[in-house]
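Breakdown of the fold
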Amino acid sequence: MAERTLLMLHGLGATSGVWADVQAELDWPGRVVAPDLAGHGSAPWSGDYTVGALAAAASAVLEANEPTVIVGHSLGGGVGLALASGFFRPAVHAVLGLGIKTSWSEADVAGMAAVAAKGVRWVDDRDGAITRFRRNAGLDGLIADDHPAVTDAVVEDGGRWRVAQDPATFAQQPLDMVGLMAAAQCPVALGAGEHDAMAAEAELARFTDAPRIAAGRGHNVQTEDPGWVVAQLRDLVATLPG
């Protein structure tokens, strides 16, 4: 099998550590790269969190024309689709997009903008910041305080704590899924948990003939069922030449 880099892109509000459980089960033959998206975790705040800007920043961790397979969750899936266009550094061979929100209402957009407008909120202790991080990332009940996703998720300053994420990242706009899918220069597979309210099977079926659905799972399939994600990656890579 050809040796390709695996680029793992987390979702809005999360950190690269959410992929730790998948990495633990995945025997990948090439390089594995899991960066924090701009404005998240250890990554710097940029002020520009459009999907295109996030894709440009994420591609900077790869070499020009580096053969790459991408797995992206939620917002990270949208970033992966943007990278599949061929307008960025890596040579993307395939994308697995998980839990991508494909249908947005005006209320959704307004609600995201309102969250962003609240700005940084401080709490008195690390536990409170971790609780807020888990809520922001949809990880309540899914990860413990010592999970790798938490490592760079919160920061302390002068005895106060906050989530490391730039609140401005919440001001996302609807993805142009039709345009992104049409622009992809490689195979794209879309999937989600059966109970993922952000990425219902019927919605995904508008953009792919065979959505990959994890039975009984919710939005964060990478932490709920890492083995399923590994299986989807292996299946996708098996279809590639070489």
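Structure shown above.
Here goes a summary of the coordinates provided. (Residues numbered from 1 in each chain as written. Predicted model: local features only at pLDDT ≥ 70, side-chain atom pairs only at ≥ 80, totals over all residues. Heavy atoms only, no water.)

Notes on the pattern of salt bridges
Quick note on the threshold: Take a side-chain nitrogen of Lys or Arg and a carboxyl oxygen of Asp or Glu: if they are within 4 Å of each other, that pair is a salt bridge. Under the scheme applied here, a residue whose accessible area is under 20% of the maximum for its type counts as buried, over 50% as exposed, and between as partly exposed, the area being computed with a 1.4 Å probe on protein chains only. Put simply, DSSP marks the helices as runs of H or I at least four residues long and the strands as runs of E at least two long, and each gets a number from the N terminus on.
A full pass over the atoms with the stated rule returns six salt bridges. Between Lys 101 and Asp 108 there is a salt bridge whose closest N-O contact spans 3.3 Å. Residue classification places Asp 108 among the partly exposed residues on the basis of a relative accessible area of 28%. When the shortest N-O distance is used, the salt bridge between Asp 235 and Arg 212 registers 2.9 Å. Of this pair, Asp 235 sits in helix H9 (residues 226–238) while Arg 212 sits in strand S8 (residues 212–214); the two residues are 23 residues apart in sequence, bridging distant segments of the chain. Asp 235 sits in the partly exposed class, given a relative accessible area of 40%.

Notes on the sheet that holds S8
Applied cut-off: Only strands joined by at least two bridges in the DSSP assignment are considered to pair. It only takes one pair of heavy atoms within 4.5 Å for two residues to be counted as in contact. To obtain an axis, a line is fitted to C-alpha atoms, over the contacting stretch when the element is a helix, and the angle between two such axes runs from 0 to 180 degrees between their N-to-C directions.
Spatial ordering of the open sheet is given by S2-S1-S3-S4-S7-S8, a layout of six strands whose pairing is parallel. Either end of the sheet is taken by a strand with one partner, and the two such strands are strand S2 (32–33) and S8. By the bridge criterion, three bridges tie strand S7 (residues 188–193) to S8 in an arrangement that is parallel. Bridge assignment links Gly 191 to a residue of S8, and that residue is Arg 212. On the sheet, H9 packs against strand S1 (5–9), strand S3 (67–73), strand S4 (91–98), S7 and S8 and is oriented at approximately 145° with respect to S4.

Some words on the layout of surface pockets
Heads up, the condition is: Here a cavity denotes a set of grid points, spaced 1 Å apart and computed over the protein atoms alone, in which a 1.4 Å probe fits but from which it cannot get out, and a pocket denotes an open set meeting protein on both sides within 12 Å along at least five of seven lines; residues with an atom within 4 Å of a point are reported as lining. Grid points are joined across faces, edges and corners, and a volume is the space filled by probe spheres set on the points. Residues are grouped as follows: nonpolar covers Ala, Val, Leu, Ile, Met, Phe, Trp, Tyr, Cys and Pro; charged covers Asp, Glu, Lys and Arg; every other residue, Gly included, is treated as polar.
Taken as a whole, the largest pocket encloses approximately 470 Å³ of empty space. Taken together, 26 residues form the lining of the largest pocket, with Leu 12, Ser 74, Met 112, Phe 170 and Met 198 sitting closest to its centre. Among the elements of the structure, helix H4 (106–117) and helix H5 (126–137) are those that each provide at least two residues to the lining of the largest pocket. Across the lining of the largest pocket, the residue classes tally to twelve nonpolar, nine polar and five charged.

With respect to the environment of Leu 204
Inspection of the secondary structure puts Leu 204 in helix H7 (residues 201–204). Residues Leu 204 and Gly 72, 132 residues apart in the sequence, show an inter-C-alpha distance of 15 Å. Beyond its immediate stretch of four places on either side in the chain, Leu 204 contacts Ile 100, Thr 102, Leu 190, Gly 191, Ala 192, Ala 199 and Pro 211.

Some details on empty space enclosed by the protein
With the rule as written, the count across this model stands at one cavity of 30 Å³ or more. When its volume is computed, the largest cavity comes out at roughly 150 Å³. The set of elements that each furnish at least two residues to the lining of the largest cavity consists of H5 and strand S6 (160–163). Looking at the lining of the largest cavity residue by residue, the classes come out as five nonpolar, three polar and four charged.

Quick notes on the packing of helix H2 (residues 51–59) against helix H3 (residues 75–83)
The criterion, for reference: Comment on the angle field: the value is read as roughly parallel under 35 degrees, roughly antiparallel over 145, roughly perpendicular from 65 to 115, and oblique elsewhere.
One can describe the packing of H2 onto H3 by two numbers: an axis separation of 9 Å at closest approach and a directional angle of 75°. When the axes of H2 and H3 are compared, the pair comes out roughly perpendicular. Side by side, H2 and H3 meet where Val 51, Leu 54, Ala 55 and Ser 59 of the first sit next to Leu 75, Gly 78, Val 79, Ala 82 and Leu 83 of the second. Residues of the contact of H2 with H3, tallied by class, amount to seven nonpolar, two polar and no charged.

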